[in-house]
Amino acid sequence: MGDLQTAALKLAETQSAPAWLDAVRRRGAERFAATPWPNRRTENWKYTSLAGLAKKELRLPEVQPVSVPEKDLIALDAYKLVFVNGVLDQAQSDSLPDAVATFASVNEQQIELVQSRLGALADSSQHLFAALSEAASTEGVVVHVTAGQKLDKPLYVVNYSSGEAAQLIATRVLVVLGVGAEAEIIEQFISSDAQQANLVAAQTEIFLADNASVQHYRLNLEQEGITHAGGVFVELGRDANFDGFAIAKGGELIRNDYVLEHCGPGAHVELQGVYMPRGQQVVDYHTNIKHRVAHCTSNEVFRGIIGDRAKAVFNGRIHIFEDAQKTLAELSNKNLLTSNRAEIDTKPELEIYADDVKCAHGATVAQLDDEALYYLQTRGVSKEQAKVMMSFGFINELIQTIKNEAVMNYLLPILAEQFGRENELLQLEAESFDEL
Amino acid sequence: MSEQVEHLIRKEYAAGFHTAIDTDTLPPGLNEEVVRFISAKKNEPEWLLEWRLQAFRAWQEMEEPEWAHVDYPKVDYQAISYFSSPKSMEDKPKSLDEVDPKLLETYEKLGIPLHEQEMLAGVAMDVVFDSVSVVTTFREKLEEAGVLFCSISEAVEKYPELVKQHLGSVVPQKDNYFAALNSAVFSDGSFVYIPKGVRCPMELSTYFRINEQNTGQFERTLIVAEEGAYVSYLEGCTAPMRDENQLHAAVVELVAKDNAEIKYSTVQNWYPGDENGKGGIYNFVTKRGVCHTRAKISWTQVETGSAVTWKYPSCVLRGDHSVGEFYSVALTNNYQQADTGTKMIHIGKNTRSTIISKGISAGKSQNCYRGLVRMNPGAEGARNYTQCDSLLIGDRCGAHTFPYIESKNPSAVIEHEATTSKVSDDQMFLCQQRGLDAEKAVSMIVNGFCREVFKELPMEFAVEAGKLLEVSLEGSVG
Amino acid sequence: MLSINNLCASVEDKDILKGLSLDIKPGEVHAIMGPNGAGKSTLGSVLAGREAFSVTDGSVAFADKDLLELDVEERAREGLFLAFQYPVEIPGVSNMEFLKASVDAVRKHQGKPELSSVEFMKLARETSKKVKLDQAFLKRGVNEGFSGGEKKRNEILQMMLLEPKLCILDETDSGLDIDALQTVADGVNAMRSAERSFIVVTHYQRLLDYIVPDFVHVLADGKIVKSGDKSLAKELEAKGYSWLEGEVA
């Protein structure tokens, strides 16, 4: 067991948590202790070093009366929950509908739900940080939308990291949608400043019953100091639909595992993501779409721009089980390196045990299109500016597919800033175009 | 269709006979004494014995790799014999006339006549039977051109400096578990040296045959092409049908100096085991080439045999403007497992690599492409294109793709694409409607699927390869 | 305005232009016709400064400057505009952003004040009406998913916004139906003035019914082999190019 493992478990022991979480916490602690600390030979961590994390001196979260700056929040008509260092801040949060509760406000039925479902998808025997998140679990959100119902507004969960110490954050989100139910979940991760060095092991589990449908956003907009080791685990019933969007700017390490399982025929996964680490940031997405049954489809598109001395890792697996005939699955991963010291390691994988399927993946590491650069230049745009415009365009193509306009409008200026692009025109495009 | 396909893949492995011949075979087991015995048997100089012993000691410290997508019972390395030679080879026959007729018969039966006048014109052949080289043909003609082509044992005796300089220069002794084992106990193999500016006047070829029971074959091939030289080299292999698994752990090293070109083609047809997965060769092979400036190495492989294959012919593109190519057809049937692919390591500027991989899975087999494309920071303007296609025949097999793509240079361009498909009912229907039987239809579709790779093979081999696929697929359609 | 003297250019070591000379005065419209592979499109690319084309001999003066010394964008800012035969798609970069960046760059070079975003959008909207391009196209990615006709109208829209001194239309008529051709020609004709010159490269005489040239040149085997007035175009249509072969040799 690594030093960090020992230290984290000691910390967890001193936490106060609801008694009904005891069993989950114990299980997590045992499994976390039993999991060997990853090294370069651990296939899942081949390209991502945890050496920096191992050196962190973790502390328990401090309760801090900190307001999240207004500019950091998305202008959304939503049920907003604000966690500061993993602790719910009532003052900044909205009152919740019956379908949503936090671990502090759960009723008996919701407790049962958490006890029976938490960790059922985020398997703590398989995922090191899912185990840690169980072991240190104190807070979280549980969403239960019953059959045929729709959560009338998006649920917007803000995870704010602030303060000096490297605090261990282990918030959970558990979403259970009944037959034909619908919900929109927006998870946002931000940090107060570049020095903020929390370890955020936030795990999200989503159970979609037959015909249920969820729109999910995971926005990793933390700054340089953060280590994020989170995951999104989804089970899809018959004809269920998962529509996901992921973005990571980069931190000391932003690692997200997406595991999506088709468990009923006719289900569909749409997952799009962008990443753009710079400086010395590292972003790592591991996605695994498991087609367990026949007649399901999945479409996954990730794009990244890696600058300075940053590094990005993308591992996208499509796993077609024996019975999953008539599967359609596609994955595309495109990357741009913009510096001599940047690095990309990408591994699109197919593991196929059924013959009547259509699966394809593609991965590229490329430069900006010369032809397009030339075209821009013939219109008087300098090469440098043309590069900025095209880099932005490369990411913007996916941003434009975001269905929630408020989220899109929130992200565009962040991207514009990232690429040093003029913002004024963007706003015009977004707001006043229709008036003209 | 699947029931139809079921039937087609079942036919006798034609090369599965055993030649009853007196042999000089070491008892099973591996220790330093065995390594010393092999070295002494071959009259090797002290440095080579030392080199082997270093490898052996390293091997003892290493662990058998487990990352490949293959599953087989652990090999008992003490149950294998590490040296076997036909007794008649003791006296080192000087010419074909002195070779044991039984040996010659073996090759006749395999369809490989060794008398030069009967051979394919333009192909010189080195023939390896278990642990020793039986004969090398057309030597005089090659020597006229300055080309050295002989068994590696002979090269150690005759050209020790060349061997010493290059042996292990591409695949070091401790490169991996199987390479270390090979370095310790390698028995025979081929040595090719093409001097500066020489275009080898004929195709060179080695035919490997495992005959003896419970022996492993550990051949070692070294090809050096000096500046501006060119050579095309072919390799084929078979083994008798046996219920036990046999080990084949070879190492191939290629050195292509500035502006040189090496074309290396393999048709691998080791015994694949029976339809219940019993027996067959474990084919654990390390093949790698180094390209210097503007040099080119092209690997083409047709892999239809072996119970388990673990093989990644690779190119280290060290020199600027060098080129690496990998064309592969891997067919697995019954319970065969293959984990094969390539590594393209781009070090020099404007280096180029192309990877075309065609995997065909039938029966209950597992077929896996595993490849690495690495762009080092200095690989300015480097390019890679990779295309991996899988074809599934039947619904109980697996087809997998694990490409590792690493880039540290912003001007390098990498493109990777993979698809998977099956022999569709529509395709079958069309062929059958036009009067073809199911078997012919499948083999036609499969051949079409592999065309891009077959066109890279020398012509005689391409025809062979097509036929081989047809045979290997028999019983897969019914 | 533009003076081309003995221009020789090659691409991938293949000589395409082999001593082309042409003089264009302000206000003139020159049509360049010729058989396939004569080097018509190469001329536009070389004048615009495309990297793949290397000039091996000759000189080009444009508005008293040595054109060949300038970068691609500098040529554009000096007032040289190339309307592409196959306009490039740039997904993710909005047409509006692209147009503004372009107009800003050119205006800045000319010492004119930058247009505010609102001013610019008004201008873009008005201009897009002139070329009958729906405003929705301003919001989409550059040429992304545009039909052939829409792409060409987008080219003319850019030309109108940039107000260049010299416009090179590289087979702008290829693949256009009559209505689209009329729109494109109307745009070009509206821009004709005593200060602005045009090079109209085309394979078909049809375009010249709509944009009537002052001069017609025949380009064959990398050189201008015959020049005349607009009646030459009619003659070419009637006789084809083969009768000029003698002059090529």
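Residues numbered from 1 in each chain as written. Chains lettered and ligands numbered in written order. Predicted model: local features only at pLDDT ≥ 70, side-chain atom pairs only at ≥ 80, totals over all residues. Heavy atoms only, no water.

Topic: the interface of chain A and chain B
Move 1: Facing the 36 residues of chain A at the interface are 32 residues of chain B.
Move 2: In total, chain A and chain B occlude about 2,700 Å² of area from one another, counting both sides; carbon and sulfur atoms represent 50% of this.
Move 3: Counting across the interface, chain A meets chain B through two salt bridges.
Move 4: Between Asp356 of chain A and Lys422 of chain B there is a salt bridge whose closest N-O contact spans 3.9 Å.
Move 5: At the surface where chain A touches chain B, the tally comes to 14 residue pairs in polar contact (both at pLDDT 80 or more). (Contact = heavy atoms within 4.5 Å. Buried area = accessible area lost by both parts, 1.4 Å probe. Salt bridge = Lys/Arg side-chain N within 4 Å of Asp/Glu carboxyl O. Polar contact = N/O pair within 3.5 Å; in protein donor to acceptor, adjacent residues only side chain to side chain.)

Side note on the interface of chain C and chain A
Move 1: Listed as interface residues are 43 residues of chain C and, on the opposing side, 28 residues of chain A.
Move 2: Taken together, both faces of the contact between chain C and chain A bury some 3,100 Å²; the carbon and sulfur share is 63%.
Move 3: Sorting the residues of chain C by area buried against chain A places Arg50, Glu97 and Met121 of chain C first, and these three jointly supply 18% of that buried surface.
Move 4: For the side of chain C that touches chain A, the secondary structure elements donating two or more residues are helix 1 (40-48), helix 2 (72-78), strand 6 (80-83), strand 7 (90-94), helix 3 (95-109), helix 4 (117-130), helix 5 (136-139) and helix 6 (148-162) of chain C.
Move 5: Class assignment for the residues of the side of chain C that touches chain A results in 23 nonpolar, nine polar and eleven charged. (Helix = DSSP H or I, 4+ residues; strand = E, 2+ residues; numbered from the N terminus. Nonpolar A, V, L, I, M, F, W, Y, C, P; charged D, E, K, R; others polar.)

Things to note about the domain arrangement of chain A
All names here are of chain A.
Move 1: When its domains are assigned, chain A resolves into domain 1 (3-264) and domain 2 (371-436).
Move 2: One C-alpha centre belongs to domain 1, the other to domain 2, and the line joining them spans 31 Å.
Move 3: With 18 residues of domain 1 at the contact, the number on the domain 2 side is twelve residues.
Move 4: When the two sides are added together, the surface that domain 1 and domain 2 hide from each other amounts to roughly 1,100 Å², 69% of it contributed by carbon and sulfur.
Move 5: It is Tyr217, Phe245 and Lys249 in domain 1 that bury the most area against domain 2; as a group they hold 37% of the surface buried on that side.
Move 6: If you look at where domain 1 meets domain 2, you find one salt bridge.
Move 7: Its salt-bridge partner being Asp243, residue Lys403 comes within 2.4 Å of it at the nearest N-O pair.
Move 8: The interface formed by domain 1 and domain 2 contains five residue pairs in polar contact (both at pLDDT 80 or more).
Move 9: Broken down by class, the residue content of the side of domain 1 that touches domain 2 amounts to eleven nonpolar, two polar and five charged. (Domains from an automatic or database assignment.)

Quick look at the sheet that holds strand 4 (residues 53-62) of chain C
Residues and elements named next belong to chain C.
Move 1: One open sheet accounts for four strands, arranged 2-1-4-5; its pairing is antiparallel. The sheet is open, and its two borders are formed by strand 2 (14-24) and strand 5 (65-66), each paired with just one other strand.
Move 2: Inspection of the sheet shows strand 1 (residues 2-11) paired to strand 2 by eight bridges, in the antiparallel sense. When the sheet's bridge partners are listed, Leu7 is paired in strand 2 with Leu20.
Move 3: Set on the sheet, helix 1 makes contact with strand 1, strand 2 and strand 4; between it and strand 1 the angle comes to about 105 degrees. (Pairing = 2+ DSSP bridges. Axes fitted to C-alpha atoms, helices over the stretch in contact; angles between N-to-C directions.)

Some thoughts on the pairing of strand 5 (residues 140-145) of chain A
Residues and elements named next belong to chain A.
Move 1: Summarising burial for strand 5: five of the six residues are buried, a large majority.
Move 2: With three bridges joining them, strand 4 (residues 100-102) and strand 5 adopt antiparallel strand pairing. Bridge assignment links Val100 to a residue of strand 5, and that residue is Val143.
Move 3: Of the strand pairs in this sheet, strand 5 and strand 8 (residues 172-177) are connected by six bridges, and their pairing is parallel. Each bridged residue has a counterpart across the sheet, and for Val141 the counterpart in strand 8 is Val173. (Buried < 20%, exposed > 50% of the residue type's maximum accessible area, 1.4 Å probe, protein only.)

Let's talk about the pairing of strand 8 (residues 220-225) of chain B
Residues and elements named next belong to chain B.
Move 1: A large share of strand 8 lies buried, amounting to six of its six residues.
Move 2: Sheet topology places strand 6 (residues 190-194) next to strand 8; four bridges connect them, and they run parallel. Along strand 8, the bridge assignment pairs Phe191 with Leu222.

A word on the environment of Leu469 of chain B
Move 1: With respect to the secondary-structure elements, Leu469 of chain B resides in helix 12 (residues 459-473).
Move 2: For the pair Leu469 of chain B and Ile262 of chain B, spaced 207 residues apart in sequence, the C-alpha to C-alpha distance is 25 Å.

Topic: the packing of aromatic side chains
Move 1: Going through the model one piece at a time under the given rule, you end up with 31 aromatic pairs over all chains.
Move 2: Ring geometry for Trp37 of chain A versus Phe129 of chain A: centroids 6.5 Å apart, planes at 70 degrees, classification edge-to-face. Separated by 92 residues along the polypeptide, Trp37 of chain A in the loop between helix 2 (22-34) and helix 3 (51-54) and Phe129 of chain A in helix 5 (residues 128-135) bring together distant segments of the chain.
Move 3: Judged by relative accessible area, which is 5%, Phe129 of chain A ranks as buried.
Move 4: Each ring, one from Tyr375 of chain A and one from Phe98 of chain C, has its centre 5.7 Å from the other, and the planes form 15 degrees; the classification is stacked. Separated into two different chains, Tyr375 of chain A in helix 6 (residues 370-378) and Phe98 of chain C in helix 3 make up a pair that spans both.
Move 5: Among the residues examined, Tyr375 of chain A registers a relative accessible area of 0% and is labelled buried.
Move 6: For Phe98 of chain C, a relative accessible area of 0% corresponds to the buried category.
Move 7: One aromatic cluster is present, formed by Phe56, Trp59, Trp67, Tyr72, Tyr77, Tyr177, Phe178, Tyr282, Phe284, Trp310 and Tyr312 of chain B through successive ring pairs.
Move 8: Sitting over the face of the ring of Phe449 of chain B, Lys358 of chain B holds its NZ or CZ atom 5.1 Å from the ring centroid. (Phe/Tyr/Trp six-rings, centres within 6.5 Å; stacked < 30°, edge-to-face > 60°. Lys NZ or Arg CZ within 6 Å of the ring centre and 35° of its normal.)

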